[in-house]
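# Working through the structure, step by step
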Amino acid sequence: MDRVALRGLKARGHHGVFPREREEGQTFIVDLVLGLDTRPAAAADDLAKTVHYGVVAEEVVAVVQGEPVDLIETLAERIAGQCLKHEGVQEVEVVVHKPDAPITVPFDDVTITITRSRV
């Protein structure tokens, strides 16, 4: 299986369990690795035979900006589901970063990584 990766998609969302997170929102960063067979697209040099990663990026940002959820696990699941709606995408790895998570000690990042497939 071939891989198409999108890294560092940024969007403001209102996800979290605390009222302040829901009210003020914060930046979330998403990395994606889409698993698909790119041979038909390469052979025909045809965008219609692969995944349009620009469209995927817009859809993922819309999910992050959309309906708030408590957990980044839930957000990652929604993103994975959206990616798998694309016909050629057989598998997706989603990493959601929450760099401004409300943690009381110094830290660099909080992430959740999930892998989902059609199987």
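Residues numbered from 1 in each chain as written. Predicted model: local features only at pLDDT ≥ 70, side-chain atom pairs only at ≥ 80, totals over all residues. Heavy atoms only, no water.

### A closer look at the overall build of the chain
Rule in force here: Each helix corresponds to a stretch of at least 4 residues labelled H or I by DSSP, and each strand to a stretch of at least 2 residues labelled E; elements are numbered beginning at the N terminus. Think of it in three bands: with a 1.4 Å probe and only protein chains considered, a residue is buried below 20% of the maximum accessible area for its type, exposed above 50%, and partly exposed in between. Working rule for contacts: check all heavy atoms of both residues, and any pair within 4.5 Å makes them a contact. In this charge count, Lys and Arg are treated as positive and Asp and Glu as negative; neither His nor the chain ends contribute. In plain terms, the charge of a residue is placed at NZ if it is Lys, CZ if Arg, CG if Asp and CD if Glu.
Across its full length, the chain holds four helices and four strands. Taken from the N to the C terminus, the helices and strands of the chain come in the order β-α-β-α-α-α-β-β. Its C-alpha atoms put the chain at 50 × 25 × 25 Å along the principal axes. Out of the 119 residues in the chain, the part that is buried amounts to 39%. Here the contacts in the chain between residues at least 6 apart in sequence split such that 60% fall between residues at least 24 apart. Averaging the positions of the 13 positive and the 20 negative side-chain charges in the chain gives two centres separated by 1 Å.

### Overview of the sheet that holds strand β2 (residues 26-36)
In plain terms, the rule: At least two bridges found by DSSP between two strands are what make those strands a pair. Axis definition: a line fitted to C-alpha atoms, limited for helices to the stretch in contact. Angles are taken between N-to-C directions and run from 0 to 180 degrees.
One open sheet holds the four strands; their spatial order is β1-β2-β3-β4, and the pairing between them is antiparallel. Two strands bound the open sheet, and with one partner strand each, they are β1 (2-13) and β4 (111-117). When the angles between neighbouring strand axes are averaged without regard to direction, this sheet yields 15°. Of the pairings in the sheet, the one linking strand β3 (residues 91-97) to β4 comprises seven bridges and is antiparallel in character. Note on β4: the bridge partner recorded for H97 is T111.

### As for the nonpolar core
Looking at soluble globular proteins, one finds that nonpolar side chains tend to be buried together. The condition that has to hold: For our purposes a nonpolar core is just a set of buried Ala, Val, Leu, Ile, Met, Phe, Trp, Tyr and Cys residues, chained together by side-chain atoms within 4.5 Å.
If you look at the biggest cluster of nonpolar residues, it comprises 29 residues, and the most contacted ones within it are V30, L32, L34, I79, V94 and V96. Looking at this core, the elements that each hand over two or more residues are β1, β2, α3 (53-65), α4 (72-84), β3 and β4. It is α4 that contributes the most residues to this core, seven residues altogether. Aside from chain neighbours lying at most four places away, what touches V30 is L6, R7, G8, L9, V60, V64, I79, V94, V95 and V96.

### With respect to the pattern of salt bridges
Just so we agree on the cut-off: Whenever Lys or Arg places a side-chain nitrogen within 4 Å of a carboxyl oxygen from Asp or Glu, that contact is recorded as a salt bridge.
Enumeration over the complete set of coordinates arrives at six salt bridges. Between K98 and E21 there is a salt bridge, and its shortest N-O distance comes to 2.6 Å. In this pair, K98 is assigned in the loop between β3 and β4 and E21 in helix α1 (residues 19-24), connecting sequence segments 77 residues apart. Judged by relative accessible area, which is 9%, K98 ranks as buried. Of the charged contacts in the structure, one is a salt bridge between D37 and R39, with a shortest N-O distance of 2.9 Å.

### Description of the packing of α3 against α4
Worth spelling out the cut-off: When an angle is under 35 degrees it counts as roughly parallel; over 145 it counts as roughly antiparallel; between 65 and 115 it counts as roughly perpendicular; any other value is oblique. For a crossing to be left-handed, the near helix must be turned anticlockwise from the far one by less than a right angle; the clockwise case is right-handed.
One way to put it is that α3 packs onto α4 with a least axis distance of 10 Å and a crossing angle of 150°. Comparing their axes, α4 and α3 come out roughly antiparallel. Note that α3 runs across α4; the crossing there is right-handed. Contact residues: α3 offers V56, E59, V60, V63 and V64, while α4 offers L75, R78, I79, Q82 and C83.

### Points about the UniProt feature "domain: Dihydroneopterin aldolase/epimerase" (unreviewed entry) in the chain
As a reminder, the rule being used: UniProt positions are given in the numbering used here, feature names are shortened, and annotations may be inferred rather than shown by experiment.
As annotated in UniProt, the feature "domain: Dihydroneopterin aldolase/epimerase" (unreviewed entry) corresponds to residues 4-116 in the numbering used here. Annotated as 34% helix and 30% strand, the span residues 4-116 places its first and last C-alpha atoms 15 Å apart.

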